[in-house]
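The primary structure of each chain is shown beneath.
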Amino acid sequence: MGTLRIDKVSHVFFNNDDPLGTMALDNISFEIKDSEFACLLGPSGCGKTTLLRIAAGLEPLKSGEVTLNNVPIAGPNPKWGMVFQQYSLFPWRTIINNVIFGLEMQGGISREKLRAMGCKYLKMVGLEAFQNRYPHELSGGMQQRAAIARALANEPEVLFMDEPFGALDAQTRNGLQLELLKIWHQKNITLLFVTHSVDEAVFMADKIIVMTDRPGRVKEVITVGLPHPRIRTSPEVNYIRNKVLNLL
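Remember, it's a predicted structure, so these values are computed and weren't measured experimentally.

Visitor: Any details on the overall build of the chain? Residues and values, ideally.
Guide: Broken down by element type, the chain carries eight helices and ten strands. Rg of the C-alpha trace for the chain: 18 Å, near the compact-globule value of 18 Å for 248 residues, within the 12% margin. For the chain, the spread of C-alpha atoms along the principal axes amounts to about 50 × 45 × 35 Å. Residues counted as buried form 51% of the 248 residues belonging to the chain. Taking all contacts inside the chain whose residues are at least 6 apart in sequence as the whole, residues at least 24 apart take part in 69%. The positive charge centre, built from 27 side chains, and the negative charge centre, built from 25, are 4 Å apart in the chain.

Visitor: Tell me what's going on with the packing of helix 5 (residues 140-153) against helix 6 (residues 170-187), and back it up with residues and numbers.
Guide: For any two helices packed against each other, the geometry comes down to the angle between their axes and how far apart the axes lie. Direction vectors running N to C along helix 5 and helix 6 enclose 20°, while the axes themselves pass 11 Å from each other. Taken as axis vectors, helix 5 and helix 6 run roughly parallel relative to one another. The chirality of how helix 5 crosses helix 6 is right-handed. On helix 6, the residues that touch Gly141, Gln144, Arg145, Ile148 and Leu152 of helix 5 are Thr172, Leu176, Glu179 and Ile183. Residue classes in the contact of helix 5 with helix 6 are distributed as four nonpolar, three polar and two charged.

Visitor: Residue-level account of unusual backbone geometry, with values.
Guide: Residue Pro215 is bonded to the preceding Arg214 through a cis peptide linkage, with omega at -5°. Within the secondary structure layout, Pro215 lies in the loop between strand 9 (207-211) and strand 10 (218-223). Each neighbour pair has its own omega, and for His228 with Pro229 the value is 0°, a cis peptide bond. Tracing the backbone shows Pro229 in the loop between strand 10 and helix 8 (235-247). Here the phi dihedral of Asn70 falls at roughly 70°; this positive angle occurs in a residue that is not glycine. Note that Asn70 resides in the loop between strand 4 (63-68) and strand 5 (71-72). The backbone phi angle of Glu163 is positive, close to 45°, even though this residue is not glycine. Along the chain, the position of Glu163 falls in the loop between strand 7 (158-162) and helix 6.

Definitions and limits used
- Residues numbered from 1 in each chain as written.
- Predicted model: local features only at pLDDT ≥ 70, side-chain atom pairs only at ≥ 80, totals over all residues.
- Heavy atoms only, no water.
- Helix = DSSP H or I, 4+ residues; strand = E, 2+ residues; numbered from the N terminus.
- Rg over C-alpha atoms; globule rule 2.2 N^0.38 Å.
- Buried < 20%, exposed > 50% of the residue type's maximum accessible area, 1.4 Å probe, protein only.
- Contact = heavy atoms within 4.5 Å.
- Lys, Arg positive; Asp, Glu negative; His and termini not counted.
- Charge placed at Lys NZ, Arg CZ, Asp CG, Glu CD.
- Axes fitted to C-alpha atoms, helices over the stretch in contact; angles between N-to-C directions.
- Parallel < 35°, antiparallel > 145°, perpendicular 65-115°, else oblique.
- Left-handed = near helix turned anticlockwise from the far one by under 90°.
- Nonpolar A, V, L, I, M, F, W, Y, C, P; charged D, E, K, R; others polar.

Laid out in structure tokens, this is it:
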């Protein structure tokens, strides 16, 4: 799959009111190994989403380097997928047609094969029975499942996720965390996941990159070192949770 390296990345935002600019990220470096699940965690405004967008090629890189398997990332690519907090589904397309949209854009795949691939990933997220519905007919959690299926349909080496469960209620969020972990184990994807939730990071991640307040810097990289499935209230999980909380 893919090893993702962030090397000495800094980022400054400029606007007319502040010609000197506002530094959002300052000399960020870390590595996410092949098939590793990493969480970016830090206070609001510390640059987590900006860093994620730079890593995914959605924001121009101004300083430093981002590589996937030692190849510089210079823009969006089918080798990686992106899931946003907003579900970002096309309201005029059915769920299955949303899922296969990226595959359609690649071209050269028959309609029958496209539909079979769409069904495969909808089944993976438990939405096969809803393939002909439209986004407005589904709950928020179901729409986010569809967005995850769409990202997976391109068989990405890396999956970038920007607070994908942040807008969901606690019960739905917990359920989707378990679903994502199951998919991650099945697909062996390298995963970079932005969250504000310490509990979410400790429950899911192999590695937690704790960032400082703006300008965002890496305060500490914590290797969780606990097998899945994890018990949210276990002494081992509570130990890591307290360690992370003490850094924030």
